[in-house]
Each structure stands twice: as C-alpha cells, then as structure tokens.
Amino acid sequence: MGVLGMGGLFFRARDPDALNAWYREHLGVGAGCAAEDTGDIDEWTWQVQGGPMVFAPFRADSDYFAADKQFMINLRVRDLEGLLEQLNAAGIAIITKAEWDSPETGKFARIHDPEGNAIELWEPPVN
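In this text the structure is predicted, and so the values were computed from the model without any measurement.

The rules we used
- Residues numbered from 1 in each chain as written.
- Predicted model: local features only at pLDDT ≥ 70, side-chain atom pairs only at ≥ 80, totals over all residues.
- Heavy atoms only, no water.
- Buried < 20%, exposed > 50% of the residue type's maximum accessible area, 1.4 Å probe, protein only.
- Helix = DSSP H or I, 4+ residues; strand = E, 2+ residues; numbered from the N terminus.
- Contact = heavy atoms within 4.5 Å.
- Pairing = 2+ DSSP bridges.
- Phe/Tyr/Trp six-rings, centres within 6.5 Å; stacked < 30°, edge-to-face > 60°.
- Lys NZ or Arg CZ within 6 Å of the ring centre and 35° of its normal.
- Expected span 1.5 Å × (residues − 1).
- Arc of directions from axis to C-beta.

Draft legend 1. Expanded view of helix α2 (residues 80–89). Residues Leu80, Gly82, Leu83, Leu84 and Leu87 constitute the buried set of α2. Tucked into the core, α2 has its buried residues touching α1 (16–27), β2 (107–112) and β3 (118–123). A positive phi of about 80 degrees marks glycine 91, the residue just after α2.

This is the structure we're talking about:
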C-alpha cells in the first residue's frame, strides 16, 4: 500500500482562529510548529517526529470519550508530567486515571480544548 501516515486532521470549529491559537500556545500544535529534531518549518504544516500512531474506530456507544463528539485527538508526548504542570499553570483542567496507565502502553492524561473536544495526551513507554 502507498499510505505513509497521516497527512492532516481537519475538524469543524465555532471559532477556528481562536482554537488554532489555543493549540499553538498550549500544545505547540498546528501550522508553523515543529517538534524537536524535525528540521525546518513552514507556514502551512506542523512537522512531527515519526513514531507510533493508533488509528481505531470506536463503537458508537463507547464511553471512552463524550457521546456527542465524533472524535478524540490523541497526541504523543515526551515528559507528560512536565506538560501537565504547564497546562495546570495555565488553568487547563486535567483528568488522569490510574487504570489508563500501564507499563505496556504508557501513561495518559486528558484535557479538553475550549470547544470541548477531548485531547488525550500519551507518553509511550520507553523502549
């Protein structure tokens, strides 16, 4: 197959400019952003580091995220605890549950953007 990975994530927002600014400020995500060691940036793309990505439809009646939302964003992170400290200092509510974490899959936390979209933060286990 010719698919190499995700090329983008597009979703509707009541205020796209404000939501874009929130993602840039708090998570370093969006056009013109780049993860460590990814090289040059441009105004249209977000340069990411290669690594695992889960692509998984959920059952329509799943309670893993809000029933009125069609998607949940999962962002792979390094230093989850440090990021959670920054988000907490910015007044962003954080949800953690011990049952989400395991040595096999890593550590997880959840936040929501200003429009109520769930964002799962995932720190994979160190190999």
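Draft legend 2. Spatial organisation of the pairing of β2. Taken together, the six bridges between β2 and β3 define a ladder with antiparallel strand orientation. Bridge pairing in β3 places lysine 107 opposite glutamate 123. As consecutive antiparallel partners, β2 and β3 are separated by five residues, and within that stretch glycine 116 has a phi angle of approximately 85 degrees, a positive value.

Draft legend 3. Fine view of the packing of aromatic side chains. Scanning all chains against the criterion turns up seven aromatic pairs. Between the aromatic rings of phenylalanine 58 and phenylalanine 65, the centroid separation amounts to 5.6 Å while the plane-to-plane angle is 65 degrees, which identifies the pairing as edge-to-face. Pairing phenylalanine 108 with tryptophan 122 gives two aromatic rings, centres 6.3 Å apart and planes at 5 degrees, and the pair type is stacked. You can see phenylalanine 108 sitting in strand β2 and its partner tryptophan 122 sitting in strand β3, a full 14 residues away along the chain. For the pair formed by phenylalanine 108 and tryptophan 122, the shared burial category is buried. Each member of the aromatic cluster is reached from another via a ring pair, and the members are Phe11, Trp22, Tyr23 and Phe71. In this structure, arginine 110 is placed above the aromatic ring of tyrosine 64, and the distance from its NZ or CZ to the ring centre is 4.6 Å.

Draft legend 4. Here's a closer look at the side chain of arginine 110. Structurally, arginine 110 is set in strand β2. Assessed through its relative accessible area of 7%, arginine 110 is described here as buried. If near-sequence neighbours (up to four positions away) are discounted, arginine 110 is found in contact with Tyr64, Phe65, Met72, Ala93, Ile94, Ile95, Trp100, Ala118, Ile119 and Glu120.

Draft legend 5. Representation of the environment of phenylalanine 58 within the structure. Residue placement: phenylalanine 58 occurs in the loop between α1 and β1 (73–76). For phenylalanine 58, a relative accessible area of 41% puts it in the partly exposed group. On a C-alpha basis, the gap between phenylalanine 58 and valine 77 in space is 22 Å, while along the polypeptide they are 19 residues apart. Beyond its immediate stretch of four places on either side in the chain, phenylalanine 58 contacts Tyr64 and Phe65.

Draft legend 6. Molecular detail of the environment of glutamine 47. Turning to its location among the elements, glutamine 47 is positioned in the loop between α1 and β1. A residue is classified by how much of its surface remains accessible, and glutamine 47, at 26% relative accessible area, is partly exposed. Between the C-alpha atom of glutamine 47 and that of alanine 31, which follows or precedes it by 16 residues, the distance is 8.4 Å. Glutamine 47 has contacts with Cys33, Ala34, Ala35, Thr38 and Asp40, leaving out every residue within four places of it along the chain.

Draft legend 7. Region of the structure containing α1. When the terminal C-alpha atoms of α1 are compared, their 16 Å separation across twelve residues agrees well with the 16 Å that a helix rising 1.5 Å per residue should span. All of the buried residues in α1 are Leu19, Trp22, Tyr23, His26 and Leu27. The buried side chains of α1 occupy one side of the element, clustering within an arc of 95 degrees when seen end-on. In this structure, α1 carries Asp17 and Glu25 as exposed residues pointing more than 90 degrees from its buried face. Among the structural elements, β1, α2, β2 and β3 are those in contact with the buried residues of α1.

Don't take any of this as a statement about function, it's just geometry.
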